[in-house]
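# What the coordinates show
Spelled out from the first residue to the last, the chains are:
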Amino acid sequence: GENVEQHPSTLSVQEGDSAVIKCTYSDSASNYFPWYKQELGKGPQLIIDIRSNVGEKKDQRIAVTLNKTAKHFSLHITETQPEDSAVYFCAASIEGNDMRFGAGTRLTVKP
Amino acid sequence: DAGITQSPRHKVTETGTPVTLRCHQTENHRYMYWYRQDPGHGLRLIHYSYGVKDTDKGEVSDGYSVSRSKTEDFLLTLESATSSQTSVYFCAISESSYGYTFGSGTRLTVV
């Protein structure tokens, strides 16, 4: 089955800096890659996703890039704010089925 | 989380007892999922459903069973709880198998 690895496990940045979280996947057939944000005591919330027919997608301060050849994808957050502090999960799947998640990255934005 | 509720939110049970967790949705979504979240493992799929009475196993299904007799309800049962099943359990729903919406989770402790 699909295996997703996520790095780093913890990330600390200063407010206003950029943050980058990277994930690799093992199954070349995977074609859907969402990112979730989980705040303390809550369930994960979808923040952005990308499908294998595009290489990059942006939504305001967040962007995701995908390198199908290398089988890795990354989340980029620019101009970080304290409210961006949370645990972020990447995931990979084939057509949204049997979604496999990374272990998570705890992002701390210091004011 | 709008449209999806999990009950109970917290539960402490003894080893060997049966436990049922409930997920209820008001979105009429076709797909429902049960995940467990453990430190260092991210989210792992236990079982999922793609329609009433249509269910399938996920990555970590041993020791768990599910039932879906109505579109809105998806039950997860631990037939005989063990300490290794101490975890936070999340239910998720989706219409097209993309873009999951997660519930707020159930924290289960098996003593």
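The present account deals with the structure reproduced in this document. All figures in this text were calculated on a predicted structure; none of them were measured in a lab.

### Topic: the interface of chain A and chain B
A common measure of how large an interface is: the accessible area buried when the components associate. Contacts between the two partners involve 19 residues from chain A and, on the opposite side, 18 residues from chain B. Between Glu-59 of chain B and Arg-100 of chain A there is a salt bridge, and its shortest N-O distance comes to 3.7 Å. Counting residues per element, the ones that place at least two in the side of chain A that touches chain B are strand 4 (32-38), strand 5 (45-51) and strand 10 (97-101) of chain A. With five residues, the top contributor of residues to the side of chain A that touches chain B is strand 10 of chain A. Here the residues of the side of chain A that touches chain B are counted per class, giving eight nonpolar, six polar and five charged.

### Quick notes on the state of the cysteines
Scanning the model with the defined rule gives two disulfides over all chains in all. With a sulfur-sulfur separation of 1.9 Å, Cys-23 of chain A is cross-linked through a disulfide to Cys-90 of chain A. Note on the Cys-23 of chain A and Cys-90 of chain A pair: the S-S dihedral is about -100°, so by sign convention the disulfide is left-handed. Residue Cys-23 of chain A is located in strand 3 (residues 19-25), and its partner Cys-90 of chain A is located in strand 9 (residues 86-94); the two are separated by 67 residues in the primary sequence. Judged by its relative accessible area of 0%, Cys-23 of chain A falls in the buried class. The disulfide bridge from Cys-23 of chain B ends at Cys-91 of chain B, spanning 1.9 Å between sulfur atoms.

### As for the sheet that holds strand 3 of chain A
All names here are of chain A. A sheet is described by the order of its strands in space; here five strands give the open sequence 1-3-8-7-6, paired in antiparallel fashion. Either end of the sheet is taken by a strand with one partner, and the two such strands are strand 1 (4-7) and strand 6 (56-59). Strand-to-strand twist of the sheet, defined as the mean angle between neighbouring strand axes without regard to direction, takes the value 15°. Across six bridges, strand 7 (residues 62-67) lies against strand 8 (residues 72-77) in antiparallel orientation. Opposite Thr-65, over in strand 8, you have Ser-74 as the bridge partner.

### A few points about the side chain of Asp-73 of chain B
All names here are of chain B. For Asp-73, the location among the structural elements is in strand 8 (residues 73-78). For Asp-73, a relative accessible area of 8% translates into the label buried. A polar contact is formed between the side chain of Asp-73 and the side chain of Arg-22, at a distance of 3.1 Å. Within the local environment of Asp-73, its side chain forms a polar contact with the side chain of His-24, the two groups lying 2.7 Å apart.

Calculation rules
Residues numbered from 1 in each chain as written. Chains lettered and ligands numbered in written order. Predicted model: local features only at pLDDT ≥ 70, side-chain atom pairs only at ≥ 80, totals over all residues. Heavy atoms only, no water. Contact = heavy atoms within 4.5 Å. Salt bridge = Lys/Arg side-chain N within 4 Å of Asp/Glu carboxyl O. Helix = DSSP H or I, 4+ residues; strand = E, 2+ residues; numbered from the N terminus. Nonpolar A, V, L, I, M, F, W, Y, C, P; charged D, E, K, R; others polar. Disulfide = S-S within 2.5 Å. Buried < 20%, exposed > 50% of the residue type's maximum accessible area, 1.4 Å probe, protein only. Pairing = 2+ DSSP bridges. Axes fitted to C-alpha atoms, helices over the stretch in contact; angles between N-to-C directions. Polar contact = N/O pair within 3.5 Å; in protein donor to acceptor, adjacent residues only side chain to side chain.

It is worth stressing that arrangement in space is one thing and function is another; only the former is reported here.
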